[in-house]
2 protein chains.
Amino acid sequence: MTDTPLAPGSTIGILGGGQLGRMLALAAARLGLKCHVYDPAADCPAAQVADRHTAAPYDDAAALEAFGRAVDVITYEFENIPTAALDLLGGLAPIRPGRRALEVSQDRMTEKDFLSGLGLATAPYADIPDLAALEAALARTGTPAILKTRRFGYDGKGQVRIKDASEAAAAFAALKGAPAILEGFVDFSCEISVIGARATDGAVACFDPGENVHRDGILHTTTVPAKIPPRLRTDAVLLAGRILSALDYVGVMGVELFVTASGLVVNEIAPRVHNSGHWTQTGCAICQFEQHVRAVAGWPLGRAERHSDVEMLNLIGDDVERIAEFAADGATAIHLYGKAEARPGRKMGHVNRILLPGS
Amino acid sequence: MTDTPLAPGSTIGILGGGQLGRMLALAAARLGLKCHVYDPAADCPAAQVADRHTAAPYDDAAALEAFGRAVDVITYEFENIPTAALDLLGGLAPIRPGRRALEVSQDRMTEKDFLSGLGLATAPYADIPDLAALEAALARTGTPAILKTRRFGYDGKGQVRIKDASEAAAAFAALKGAPAILEGFVDFSCEISVIGARATDGAVACFDPGENVHRDGILHTTTVPAKIPPRLRTDAVLLAGRILSALDYVGVMGVELFVTASGLVVNEIAPRVHNSGHWTQTGCAICQFEQHVRAVAGWPLGRAERHSDVEMLNLIGDDVERIAEFAADGATAIHLYGKAEARPGRKMGHVNRILLPGS
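Described below are features of the structure shown in this document. (Residues numbered from 1 in each chain as written. Chains lettered and ligands numbered in written order. Predicted model: local features only at pLDDT ≥ 70, side-chain atom pairs only at ≥ 80, totals over all residues. Heavy atoms only, no water.)

## With respect to the packing of helix H4 (residues 99–106) of chain B against helix H5 (residues 108–117) of chain B
Residue and element names in this part refer to chain B. H5 packs onto H4 with a crossing angle of 110 degrees between their chain directions and a minimal axis gap of 5 Å. Overall, the two elements H4 and H5 adopt an arrangement that is roughly perpendicular. The segment H4 lies against H5, with Arg100, Glu103, Val104, Ser105 and Gln106 engaging Arg108, Thr110, Glu111 and Phe114. Looking at the contact of H4 with H5 residue by residue, the classes come out as two nonpolar, three polar and four charged. (Axes fitted to C-alpha atoms, helices over the stretch in contact; angles between N-to-C directions. Helix = DSSP H or I, 4+ residues; strand = E, 2+ residues; numbered from the N terminus. Parallel < 35°, antiparallel > 145°, perpendicular 65-115°, else oblique. Contact = heavy atoms within 4.5 Å. Nonpolar A, V, L, I, M, F, W, Y, C, P; charged D, E, K, R; others polar.)

## A closer look at helix H6 (residues 131–141) of chain A
Residue and element names in this part refer to chain A. Where H6 is concerned, the buried positions are Ala133, Leu134, Ala137 and Leu138. All buried residues of H6 lie within an arc of 135 degrees about the axis, which places them on one face of the element. The exposed residues of H6 that point more than 90 degrees off its buried face are Ala132 and Ala139. Of the surrounding secondary structure, the elements contacted by the buried residues of H6 are strand S5 (125–128), strand S6 (145–149), strand S7 (159–162), helix H7 (168–174) and strand S8 (180–184). Gly142, located one to two residues past H6, shows a positive phi value of around 75 degrees. (Buried < 20%, exposed > 50% of the residue type's maximum accessible area, 1.4 Å probe, protein only. Arc of directions from axis to C-beta.)

## Notes on the interface of chain A and chain B
Taken together, the contact between chain A and chain B spans 36 residues of the former and 36 residues of the latter. Across the chain A/chain B interface, buried area totals approximately 2900 Å², and carbon plus sulfur atoms make up 60% of it. The interface formed by chain A and chain B holds zero salt bridges in total. Applying the counting criterion to the chain A and chain B interface returns 11 residue pairs in polar contact (both at pLDDT 80 or more). Counting residues per element, the ones that place at least two in the side of chain A that touches chain B are helix H1 (19–30), helix H10 (288–296), helix H11 (323–328) and strand S16 (332–336) of chain A. If one sorts the elements of the side of chain A that touches chain B by residue count, S16 of chain A sits on top with five residues. When the residues that make up the side of chain A that touches chain B are grouped by side-chain class, the tally is 20 nonpolar, nine polar and seven charged. (Buried area = accessible area lost by both parts, 1.4 Å probe. Salt bridge = Lys/Arg side-chain N within 4 Å of Asp/Glu carboxyl O. Polar contact = N/O pair within 3.5 Å; in protein donor to acceptor, adjacent residues only side chain to side chain.)

## Considerations on the pattern of salt bridges
Across all of its chains, the model carries 38 salt bridges over all chains by this definition. A salt bridge links Arg99 of chain B to Asp87 of chain B, with the nearest nitrogen and oxygen atoms 3.0 Å apart. Within this pair, whereas Arg99 of chain B is found in helix H4, its partner Asp87 of chain B is found in helix H3 (residues 83–90), the two being separated by 12 residues in sequence. Note on Asp87 of chain B: relative accessible area 48%, which makes it partly exposed. For Asp309 of chain B, the salt bridge goes to Arg306 of chain B, with nearest N and O atoms at 2.3 Å. A relative accessible area of 30% means that Asp309 of chain B is categorised as partly exposed. Using a relative accessible area of 24% as the deciding quantity, one classes Arg306 of chain B as partly exposed. One network of salt bridges, with partners in common, ties together Arg30, Glu290 and Arg294 of chain A.

Put into structure tokens, the structure is as follows:
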């Protein structure tokens, strides 16, 4: 539980062994740090490249304890880690980012209250414990609006769009009694995200904002630089820095922002490396994954300067069959996640295409 | 034995598990390709990040055969692979780069004859089977000159510098009867190297020449761009392309060149990724390791454009203790090789420092 930088050869424990854990492990290996991945799936993407893998469920106290004792610091690639697991692990090794960041990001209501409390703009929102609350909230926000589960949503899952107040009952029923939040409509011109990092000494470095395009509720492309005025770029970075500092955060965070006529509105934050930051692998000397590893290892941050303009394209499901096409474009860096089966909606990889002058 | 590109999930066999094999394995993982490392050392750097590791000597026929059958293509991180191993493996999977490149680079005499045969300038040289041959050769080349073993030399090992003809007998004795070559003095202003790549379809891409500084016979720094006139840069790249094509080469090659008043003189070639190409990890979208993996996997090459100026500094022995200093410079990318013990002269890692404008 010290802020002494981890020595080369030390071990980072990663909760979750998907593609984010895999790319964290590859970055850690470059820095001479070992990784121990905890993920229930025997053939998870991160285990293929990590030094060690514990294949056990997140409620296996014995496995968690052995994992916690075997590592020097613990981080994670997803925010929905059961509280009981965190309670157990917290006594064994530092967890970075810390509990406050997880509390805030695990619950959309808590997150919105936290952001509002910092004076940051969010979509209008209301806690929805029952149908009456939903109807009252819709009367305030109007439609369209989105009803979301407070917890465990990602990539558009756990969300119902409400186009008209008459759909309230059906929408509420669709969430099957899960605690919910209503979010009002935000009239935005584009979505951007800032990938920010904060070190154990409080230093902050943010990558340039990227512009996101979603398709079927899943991130499709991130293009850097975002086509926004310099003033908004500054606003976005300052805003991310405020969030990081307020949470006494250690590690990389993704901050999704709507660009509106009246300025930036925070959509959501993710206490981890983020899909919209994958472009940094090709656009920056030190990518988001290495930046996160540096931060959680107690090392100084790298500079976040961008040396190249990049478009990141996610390869979802069958998109991965286009690899030959991407490989033939020599200015495109390919990242595949080692997943055997290309199911619809599954993130199989991504490509980072350098935007050459004139292209 | 086909030129069909390897599909994601295929396995590349790597002979040798040092830092070059490690960085090849990390690059292959990014591309969704698996690696199987063959190296006698149980804790070799590449095994820490590869999918599989065979820890067996290079003369273990059963282990070699099992390895050859388990992989889709074979490559290597060092050129001194025993011929018997290559004979056995060649029947099981394609070896890339091929046998001709290994024959040429395993023997300094064969290499010099090959280069001369292409019309390329080399140091004056002579085969030295006995002391009389050495004395006769010294009479022609004058001193200083360098007596080298024809085979198995690296990082200045297996070399004796002869400052005066009177030292001939002592120098010859120092090589203990190993077949030798005398190389005459080349009056050069600097050493550069070109890291070139050739694909299975014959396409060639060369990275910008880097300027090398050695210390105690080991590469100390490579700085890109090399401070040489544009004409010489072009010459260097064309020359590398000729060598690659003449060998019907597949993969990445390092070509070390002396810059002299009368043009470029080839020092030596290495049929593999090369220490003087490590800067590409930070200076290019697709580094030499990914380029080599693409080539041996039958994929198209990436572009070799440089987006940033870089100085690569090798961390030899105790240099690795300076990690905190390098980490504190956010424009420096750190690469450590996972070696537990920092022995003198041992390559422990390297750092790539981006040369920012004005620095």
